[in-house]
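# Architecture at a glance
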Amino acid sequence: MLTTLLEGLDADGRVLAVVMRPVVESEEVIDFELLMVSGAAAGVDLGITAAPPTDGLEPQVGETTAIEQRERWLALRREAFAAGHPVRGDEDHVDVHGQRRVLEVTRTRVGDLLVAIWQDVTDVRAAEAARVASEQRFRALVEHSSDITVVVDRDRMITYASPSTQHFTPDGDTLAGAPYGLHLHPEDWGSAQDLLERAYAATPGEVLHDRARVITGEGQTRWIEAQATNHLHTPGVDGVVINCRDITEEQHARERLAQEAMRDPLTGLPNRRYFAEVVQHALARSARSRQPLALLLLDVDHFKYVNDIHGHPAGDQLLIELAARLRSALRPGDTVCRLGGDEFVVLAEDLHHLDEALLVAQRVNAAAAGTYLLGPGGVQQEVPDEVPGEVQLEIQVGVSVGVSTTIGPGNSDALLSTADHALYEAKRRGRGRVEVFQPQLRERLLHRLGLQRDLRRATSGEELELYWQPIVRTSDGAVTGAEALLRWHHPQLGLLAPAAFIPAAEDAGLMPAICEWVLHHATRQSARWTRELADPLQVFINLDRHQLHNPSLLGEVAAIAAAHHVELSHLTLEISERILTEDLPRIRPLLLQLREGGLRLALDDFGAGNTALTWLQEMPMDILKLDRSFTATLGERAGAAIVGAVLRLAPELGIATLAEGVETAQQLSTLLDLGCDYTQGFHHARPQPAQQLTATLLSL
Ligand code: C2E
Ligand code: CA
Ligand code: CA
């Protein structure tokens, strides 16, 4: 029996068995003598010889073994011999290689003998120690944080729950022992189960994220952010570890932000981000229903000047009122958003045919354009009774609309960009109108972009030139002045008139640079003529809208004139009636200032807009330039009558008159009869380079 026992244990080289017989003296076990040693001693100092006993009877006890060790063993052997059951214990040893080894020794009495079996458990004990350490570490980590940690085993049961999970149970217990998912919000249950499934399948170290709502013991809903890691194979954990953070406040803030982020704070309309999403959905719907949809891109004509002249609060009021008008003009189901600045966009869905888009656009345009009453009291729908101290502003607002239509699927950016081409076209054709995108507009857009690129170069280089058109005194045919008309020598496109590039320049914000160039060059030419010609020539310079909103215009013009030694009285600034009527009350002080400074002023394009004759008396003008559309009607009785009336009234107000666009001798003689002071037009001369005009004038 003994042999079998030893043989069985002998299989592993690390197992050493020793059979001992007690040495009894006066009925007391005073020592044990070694009978047999089995297995490789593997050099382990067990206090016995490494080699099995040669004679099988007298194994030698190692002499090296310290006396205290031998006494301890003797005590253990006696205890085991007396116990009647195996007595186990670990012993630390150092093997022949100097490595520390842990041996588990089991001493068992077998009959009258004592059998001791040593087994090397170094690796087992190390693994156990690591496991204990990791478990302690794990607990230390999770129990001291306010975060929630649960460990879910393979059976979806929570085997560990951090103390903070008490909040989720009504009785203050942790969630340990509960099935996973019990306290989740029903709507998030599915995704939470999914998280667990994914975690089971995840590689160790992979972190999976999810957000979910949980219900607290008090029935409150809280948002948590969960991180799950697979620790099914980590000793001491044996499950999926789910770490949760309470993100309720954060989530609420985020929701608020998302709402705000989707909404324009000024008008309360949805914004660009919201719009992009809505259009994407609408396109998908349209793809299914085959119903067209339309994008209407709206922009307030010259909004910048409302802001510049009346101030931002007025601009804001205008936008708020505009938003309200747009809302009321829409069909139910249409969406209006503010893209930014004065740009609004309307999405009209489920149109029955594409032409319907135009009707919607016209209705929107009609609703948005018109008279706006702004003032300290906010937007007024009607003219209020006189409120002392409160100034009400009445402004005329024009709106341009670009329309693009499509049937899904499609891309919202592309749709917006085609609407933008159409809008640009609407502005190019004189603003205040609706334009529907046509494919050829894309060509124009590319052209515009090219022009803008080239214009940037042109303003710094030598590609711009002023052409001059003579102004002729009707009474004697003398050339008394010349109007500067801008030309661009485009390297590829040739000579361009302003209409071909001013809209693009406005769009690209290049007008200030161009106008400054004009002022400089026109003034320089004035100086040259003063030197070259016997009689001074009045130089007429066209002003752009933005210049009329520049309070230091007089100073700037005066500085340029001084630099060229030009008298201000030799310069006439032309202001188009179209610009002036937009905001006469605001521009008027500037005009007075310019005039007091010594400049002359001309009201350009008179009659092209809808100015009443009575306006004339409010305008500080030296000369009135009748628009060439008036001149063109001179052949008709009514036309001649109207022109005649204007020509009679102006002198009464101390304003000289000039007729533009005189193309025929007939027109000229009629104008002479009607008492028009000056004329200008192809009949006299086309706009031409300065040298050419100079040569003509010198040859006269
Ligand atoms: P505008 O100030 O009304 O200038 C007169 C326009 O009528 C010029 O066109 C001129 O070439 C044209 N014109 C002159 N006589 C006749 C005629 O008998 N028959 C016809 N059919 N047309 C005639 P242009 O040079 O193409 O200029 C167009 C507009 O561009 C100008 O209208 C003016 O508003 C603007 N512009 C021209 N030069 C400048 C400039 O230097 N600065 C600014 N801000 N605008 C300018
Ligand atoms: Ca002009
Ligand atoms: Ca004109």
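Below: a short report on this structure.

Conventions used here
- Residues numbered from 1 in each chain as written.
- Chains lettered and ligands numbered in written order.
- Predicted model: local features only at pLDDT ≥ 70, side-chain atom pairs only at ≥ 80, totals over all residues.
- Heavy atoms only, no water.
- Donors = N, O, S within 2.8 Å, 3.2 Å for Na, K, Ca; no water.
- Buried < 20%, exposed > 50% of the residue type's maximum accessible area, 1.4 Å probe, protein only.
- Near = heavy atom within 4 Å.
- Polar contact = N/O pair within 3.5 Å; in protein donor to acceptor, adjacent residues only side chain to side chain.
- Areas by Shrake-Rupley, 256 points an atom, 1.4 Å probe, with all protein chains shown as cover.
- Helix = DSSP H or I, 4+ residues; strand = E, 2+ residues; numbered from the N terminus.
- Core = buried A, V, L, I, M, F, W, Y, C linked by side-chain atoms within 4.5 Å.
- Contact = heavy atoms within 4.5 Å.
- Pairing = 2+ DSSP bridges.
- Axes fitted to C-alpha atoms, helices over the stretch in contact; angles between N-to-C directions.
- 1 Å grid on protein atoms, 1.4 Å probe; cavity = no way out; pocket = protein on both sides within 12 Å on 5 of 7 lines; lining within 4 Å.
- Points joined across faces, edges and corners; volume = space filled by probe spheres on them.
- Nonpolar A, V, L, I, M, F, W, Y, C, P; charged D, E, K, R; others polar.
- Salt bridge = Lys/Arg side-chain N within 4 Å of Asp/Glu carboxyl O.
- Phe/Tyr/Trp six-rings, centres within 6.5 Å; stacked < 30°, edge-to-face > 60°.

Turning our eyes to something else, we now look at the coordination of the calcium ion (ligand 2). Coordination of the calcium ion (ligand 2) by the protein comes from Glu 483 (OE), Asn 542 (OD1), Glu 574 (OE) and Asp 604 (OD), over a distance range of 2.1 to 2.3 Å. Mapped onto the sequence, the donors of the calcium ion (ligand 2) take the spacing E-x58-N-x31-E-x29-D. Look at Glu 574 and you get buried, because its relative accessible area is 1%.

Near ligand 1 lie 23 residues; those nearest to it are Gln 469, Leu 486, Arg 487, Glu 663 and Phe 682. Within the backbone of Leu 486, one N or O atom sits 3.0 Å away from a nitrogen atom of ligand 1. One nitrogen or oxygen atom from the side chain of Glu 663 is found 2.5 Å from a nitrogen atom belonging to ligand 1. In the complex, the protein chains occlude 81% of the 790 Å² of accessible area that ligand 1 would expose alone. Of all the secondary structure elements, the ones that give two or more residues to the shell around ligand 1 are strand E19 (479-490), helix H12 (498-507) and strand E23 (600-606). Top contributing element to the shell around ligand 1 by residue count: E19, with five residues.

Below, the discussion takes up the coordination of the calcium ion (ligand 3). Listed as protein donors to the calcium ion (ligand 3) are Asp 604 (OD), Asp 605 (OD), Glu 660 (OE) and Glu 660 (OE); their distances from the metal cover 2.2 to 2.5 Å. Mapping the donors of the calcium ion (ligand 3) onto the primary sequence gives the spacing D-D-x54-E. Classification of Asp 604 by relative accessible area gives buried; the value is 6%.

To continue, consider the nonpolar core. General note: in soluble globular proteins, nonpolar side chains tend to be found buried as a group. Counting residues in each nonpolar core, the largest one holds 71 residues, and the members touching the most others are Trp 468, Trp 529, Leu 571, Leu 580, Leu 591, Leu 594 and Met 621. Per element, the largest residue contribution to this core is nine residues, and it comes from helix H13 (residues 511-532). Here Met 621 is in contact with Ile 575, Leu 580, Leu 591, Arg 595, Leu 601, Ala 602, Leu 603, Gly 654 and Ile 655, once residues within four sequence places are set aside. If you look at the next biggest cluster of nonpolar residues, it comprises 33 residues, including Phe 303, Val 306, Leu 318 and Ile 395.

Take the sheet that holds strand E12 (residues 335-340) next. Strands belonging to one sheet form pairs held by backbone hydrogen bonds; the direction of such a pair is parallel or antiparallel. Judged by pairing direction, the sheet is mixed, and its five strands sit side by side in the order E12-E13-E11-E16-E17 without closing on themselves. Sheet topology places E12 and strand E17 (434-436) at the edges, where each strand pairs with a single neighbour. For this sheet, the mean angle separating the axes of adjacent strands, direction not counted, is 20 degrees. Sheet topology places strand E11 (residues 293-300) next to strand E16 (residues 399-406); eight bridges connect them, and they run antiparallel. If you follow Leu 297 over to E16, its bridge partner there is Gly 402. Packing against the sheet, helix H8 (residues 312-329) makes contact with E11, E12 and strand E13 (343-348), and its axis sits at approximately 10 degrees to E13. Strand contacts of helix H10 (residues 412-428): E11, E12, E13, E16 and E17, with the helix running at about 145 degrees to E16, the strand carrying the most contacts.

On the secondary structure map, Phe 437 appears in the loop between E17 and helix H11 (439-460). You can call Phe 437 buried: its relative accessible area is 17%.

The next thing to look at is the layout of surface pockets. Of the voids in this model, the second largest pocket is the one considered here, and its volume is about 540 Å³. Taken together, 25 residues make up the lining of the second largest pocket; nearest its centre are Val 479, Thr 480, Pro 536, Leu 537 and Gln 538. Looking at the lining of the second largest pocket, the elements that each hand over two or more residues are strand E18 (464-473), E19, strand E21 (538-542), E23 and helix H20 (690-699). For the lining of the second largest pocket, the per-class residue count stands at 15 nonpolar, five polar and five charged.

Moving on, we come to the pairing of strand E8 (residues 207-215). A regular strand places its side chains on the two faces of the sheet in alternate fashion. The pairing of E8 with strand E9 (residues 221-231) spans nine bridges and is classified as antiparallel. When the bridges of E9 are listed, Asp 210 appears paired with Ala 226. The turn linking E8 back onto E9 is made up of five residues, and Gly 219 within it adopts a positive phi angle of 85 degrees.

Think of it this way: side chains of opposite charge can pair up when their charged atoms draw near. Scanning the entire structure with this criterion turns up 30 salt bridges. The residue Arg 125 makes a salt bridge to Asp 90 at a minimum N-O spacing of 2.5 Å. Pair noted here: Arg 125 is in helix H3 (residues 122-143) and Asp 90 is in strand E3 (residues 87-94), with a separation of 35 residues, a long-range link. Classification of Arg 125 as partly exposed rests on a relative accessible area of 23%. Given the relative accessible area of 40%, Asp 90 is considered partly exposed. Here the salt bridges do not stand alone but share partners, grouping Glu 425, Arg 428, Arg 429, Arg 433 and Glu 435 into one network.

Let us look at the packing of aromatic side chains. Going through the model one piece at a time under the given rule, you end up with three aromatic pairs. Look at Trp 468 and Trp 529: their rings are 4.8 Å apart centre to centre, the planes differ by 75 degrees, and that puts the pair in the edge-to-face class. Of this pair, Trp 468 sits in strand E18 while Trp 529 sits in helix H13, placing them 61 residues apart in sequence. Here Trp 468 and Trp 529 have matching classes, each one buried.

Residues other than glycine seldom take positive phi values, yet Arg 156 does so here, at roughly 65 degrees. Structurally, the position occupied by Arg 156 is in the loop between strand E6 (148-152) and strand E7 (158-161). One non-glycine residue, Asp 238, adopts positive backbone phi at about 55 degrees. Structurally, the position occupied by Asp 238 is in the loop between E9 and strand E10 (239-246). Classification of Asp 238 as partly exposed rests on a relative accessible area of 38%.

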